[in-house]
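# Descriptive analysis of the structure
Residues per chain, in single letters:
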Amino acid sequence: MKITSIEVKQYVKELDPPFKAAWDPKPRKKFASTLVYVHTDEGITGVGSGDLMTGFEGHEHLFIGQDPFAIERHSQVLDNIDFHYGRCWPLDIALWDLIGKATGQPVYKLLGAKSNKINAYASTGEIVTPDVRAERAKQFVEDGYKAMKIRFHHEDVRDDISVVEEVRKAVGDQLDIMVDANQGWKMPWDTERTWDLKQAVQVARELEKLNVYWLEEPLPAHDFKNMAKLREMTNIRIAGGEMNRRWPDFREMTNQGSLDVYQPDVALAGGITKVKKIADLVQSSGHMFSPHTWSNGIGLLANLHLSVAISDCPYIEFPYDPPVWTPDRRDYVLKEFIQPNENGEFIMSDKPGLGFELDEEALRQYEVGSAYFGEKE
Ligand SMILES: [Mg+2]
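Since we're looking at a predicted model, the values are computed, not measured.

So, about the overall build of the protein chain. Across its full length, the protein chain carries 12 helices and 13 strands. Radius of gyration (C-alpha) of the protein chain: 20 Å, near the 21 Å computed for a compact globule of 377 residues. Counting across all 377 residues of the protein chain, residues that qualify as buried make up 58%. Look at the contacts in the protein chain between residues 6 or more apart in sequence, and 74% of them connect residues 24 or more apart. Accessible surface, the protein chain as shown: approximately 15,700 Å² in total, 46% of it carbon and sulfur. Both charge centroids of the protein chain, one from 44 positive and one from 60 negative side chains, sit 3 Å from each other.

The following block contains the structure:
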């Protein structure tokens, strides 16, 4: 089998009302999805998504004419492109989708199939008052979720802690609660100062009292030493690594004992191929792997396949904060939106590849640009 052409297409959906993500000072009025299609001489096409494919143009000849099954070779080339130009990991996702379709197997089976299911945690995205957050948390319990994540970013961190207190009061022990401080990295226009170790310790000690499951990104993503110190000073699990996308970062973090929960996202930070290796490394070092999944439904699915295949963590992130962040806003290119069942869990299907179908009408409606590389049909 040979790769004959690659297409990269952009789709945009307007968001009205806008989504005010806690980690982004600018409200989001649009949601863009970039899809990469890998076509072959056997008529099978793999599809990936979850990032912008920045830096791909000019490198297409490194893939066209190649055997799609040579995934380790392609992953190395993508890593080289990542170093020099930009993140093109959705191509790795498309290749796994293609390999699954070519072999008639779902990707999670090709990766190990340790399980075929995993709990979703409802990962919220906006800053709301304690009352509103507590009401929404009660709804999560009714919807079958066993865990949720709360974002920090009030001006005064004590207001963030009040939100967790109110949620704990409302749901008791019915939900595990994660907290994301979002101090690991910033949007290009964000120049606010980030937390230092002392502030992270103060917050962690408050959250200990509320039996929080993990505290995510309390410090900048490369502050490996202080994360390790924080980890020793608190009983809460420390999570992070969603945007650390080079292998030596994870080697350093496991060497220094920086984190309890490692969260590289296959769509943003290494593709399925590299993140599987990172997951093996962190789990064999005694830590958890539970990927960040905040891109779109295809990116979520790619992380999901890898997680059920190998992860020891009971939870995977499901970005969900109705009414502002919902599957119809995120998965508008898909025929069926990606969501957990009434018990708050994902159970894998036996459909080949990643197992999604595109909504052709939506693709026509939302397409705003495309680039075609390779032999014309
Ligand atoms: Mg996060």
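We are not done yet, so read on.
Take the pairing of strand 6 (residues 176-180) next. Among the 5 residues of strand 6, 4 are classified as buried, and the element is accordingly described as predominantly covered. Taken together, strand 5 (residues 147-151), helix 5 (residues 157-171) and strand 6 form a β-α-β motif whose crossover is right-handed. For strand 6 and strand 7 (residues 214-216), the ladder comprises 3 bridges, and the chain directions are parallel. In the strand pairing of strand 7, aspartate 180 is matched with glutamate 216. Regarding topology, helix 6 (residues 197-209) serves as the crossover connection from strand 6 to the parallel strand 7, and that connection is right-handed.

Once that is clear, we can look at the side chain of serine 307. Looking at the element boundaries, serine 307 is found in helix 10 (residues 297-310). Take serine 307: its relative accessible area is 1%, and that puts it in the buried class. A distance of 2.8 Å separates the side chain of serine 307 from the backbone oxygen of asparagine 303, its partner in a polar contact. Apart from residues lying up to four places away in sequence, serine 307 is in contact with Ile118, Phe289, Pro291 and Ile316.

Applying the stated criterion to the full structure yields 27 salt bridges. Across the pair aspartate 24 and arginine 28 runs a salt bridge whose closest N-O atoms are separated by 3.1 Å. Given the relative accessible area of 23%, arginine 28 is considered partly exposed. In this structure, glutamate 317 and arginine 151 form a salt bridge, with 3.6 Å as the shortest nitrogen-oxygen distance. Of the two residues, glutamate 317 sits in strand 11 (residues 315-319) while arginine 151 sits in strand 5, which places them 166 residues apart along the sequence. Note on arginine 151: relative accessible area 7%, which makes it buried. Each of the salt bridges in this network shares a partner with another, and the network as a whole consists of Lys149, Arg151, Asp180, Glu216 and Glu317.

Our focus in this paragraph is the UniProt feature "domain: Mandelate racemase/muconate lactonizing enzyme C-terminal" (unreviewed entry) in the protein chain. As recorded in UniProt, the sites labelled "domain: Mandelate racemase/muconate lactonizing enzyme C-terminal" (unreviewed entry) are residues 130-237. Across residues 130-237, the secondary structure splits into 47% helix and 13% strand, with the terminal C-alpha atoms separated by 23 Å.

The next thing to look at is the side chain of aspartate 260. Within the fold, aspartate 260 resides in the loop between helix 8 (247-256) and strand 9 (261-262). Judged by relative accessible area, which is 17%, aspartate 260 ranks as buried. In this view, aspartate 260 contacts Arg231, Ile236, Arg237, Ile238, His287 and Met288; residues no more than four positions away in its chain are not counted.

With that settled, the discussion passes to the layout of surface pockets. Space left empty within the atom packing is revealed by a probe, the size of a water molecule, rolled over the atoms. Empty space within the largest pocket amounts to approximately 890 Å³. Around the largest pocket, the lining comprises 37 residues; the ones closest to its centre are Arg28, Phe31, Arg87, Met187 and Trp294. The element best represented in the lining of the largest pocket is strand 2 (residues 28-40), accounting for 7 residues. A breakdown of the residues in the lining of the largest pocket according to their chemical character gives 14 nonpolar, 9 polar and 14 charged. Empty space within the second largest pocket amounts to approximately 540 Å³.

As a benchmark, a tetrahedral metal site with four donors has ideal angles of 109.5 degrees, while an octahedral site with six donors has ideal angles of 90 or 180 degrees. At the metal site, the magnesium ion is ligated by Asp180 (OD), Glu216 (OE) and Glu242 (OE), and these contacts range over 2.0 to 2.3 Å. All donors of the magnesium ion come from a single chain, and their spacing in sequence reads D-x35-E-x25-E. Residue aspartate 180 is located in strand 6, and its partner glutamate 216 is located in strand 7; the two are separated by 36 residues in the primary sequence.

The next subject is the environment of alanine 113. By secondary structure assignment, the location of alanine 113 is in the loop between helix 3 (107-110) and strand 4 (117-123). As for alanine 113 and alanine 309, which are separated by 196 residues in sequence, their C-alpha atoms are 4.1 Å apart. Setting aside anything within four residues of it in sequence, one finds alanine 113 in contact with Tyr108, Val308 and Ala309.

The subject of this paragraph is the packing of aromatic side chains. Summed over the entire model, instances satisfying the criterion amount to 19 aromatic pairs. Geometrically, the ring pair formed by phenylalanine 31 and tryptophan 325 is edge-to-face, given 5.0 Å between the ring centres and 80° between the ring planes. Of this pair, phenylalanine 31 sits in strand 2 while tryptophan 325 sits in the loop between strand 11 and helix 11 (327-330); the two residues are 294 residues apart in sequence, bridging distant segments of the chain. Residue phenylalanine 31 shares its accessibility class with tryptophan 325, and that shared class is buried.

This brings us to the sheet that holds strand 2. Neighbouring strands of a sheet are bound in pairs by backbone hydrogen bonds; such pairs are parallel or else antiparallel. On the basis of which strands lie adjacent, the open sheet formed by 4 strands has the order 3-2-1-13 and antiparallel pairing. Of all strands in the sheet, those bounded by a partner on one side alone are strand 3 (45-49) and strand 13 (367-374). Across the sheet, the axes of successive neighbouring strands diverge by a mean angle of 20°, strand direction being ignored. Bridging between strand 1 (residues 3-19) and strand 13 involves 7 bridges; their strand directions are antiparallel. Directly across from tyrosine 11, in strand 13, lies its bridge partner glutamate 367. Helix-sheet contacts for helix 2 (residues 90-103) involve strand 1, strand 2 and strand 3, and the interaxial angle to strand 3 is about 145°.

About the cut-offs
- Residues numbered from 1 in each chain as written.
- Predicted model: local features only at pLDDT ≥ 70, side-chain atom pairs only at ≥ 80, totals over all residues.
- Heavy atoms only, no water.
- Helix = DSSP H or I, 4+ residues; strand = E, 2+ residues; numbered from the N terminus.
- Rg over C-alpha atoms; globule rule 2.2 N^0.38 Å.
- Buried < 20%, exposed > 50% of the residue type's maximum accessible area, 1.4 Å probe, protein only.
- Contact = heavy atoms within 4.5 Å.
- Areas by Shrake-Rupley, 256 points an atom, 1.4 Å probe, with all protein chains shown as cover.
- Lys, Arg positive; Asp, Glu negative; His and termini not counted.
- Charge placed at Lys NZ, Arg CZ, Asp CG, Glu CD.
- Right-handed = clockwise from strand over helix to strand, strands pointing away.
- Pairing = 2+ DSSP bridges.
- Polar contact = N/O pair within 3.5 Å; in protein donor to acceptor, adjacent residues only side chain to side chain.
- Salt bridge = Lys/Arg side-chain N within 4 Å of Asp/Glu carboxyl O.
- UniProt positions renumbered as here; feature names shortened; annotations may be inferred.
- 1 Å grid on protein atoms, 1.4 Å probe; cavity = no way out; pocket = protein on both sides within 12 Å on 5 of 7 lines; lining within 4 Å.
- Points joined across faces, edges and corners; volume = space filled by probe spheres on them.
- Nonpolar A, V, L, I, M, F, W, Y, C, P; charged D, E, K, R; others polar.
- Donors = N, O, S within 2.8 Å, 3.2 Å for Na, K, Ca; no water.
- Phe/Tyr/Trp six-rings, centres within 6.5 Å; stacked < 30°, edge-to-face > 60°.
- Axes fitted to C-alpha atoms, helices over the stretch in contact; angles between N-to-C directions.

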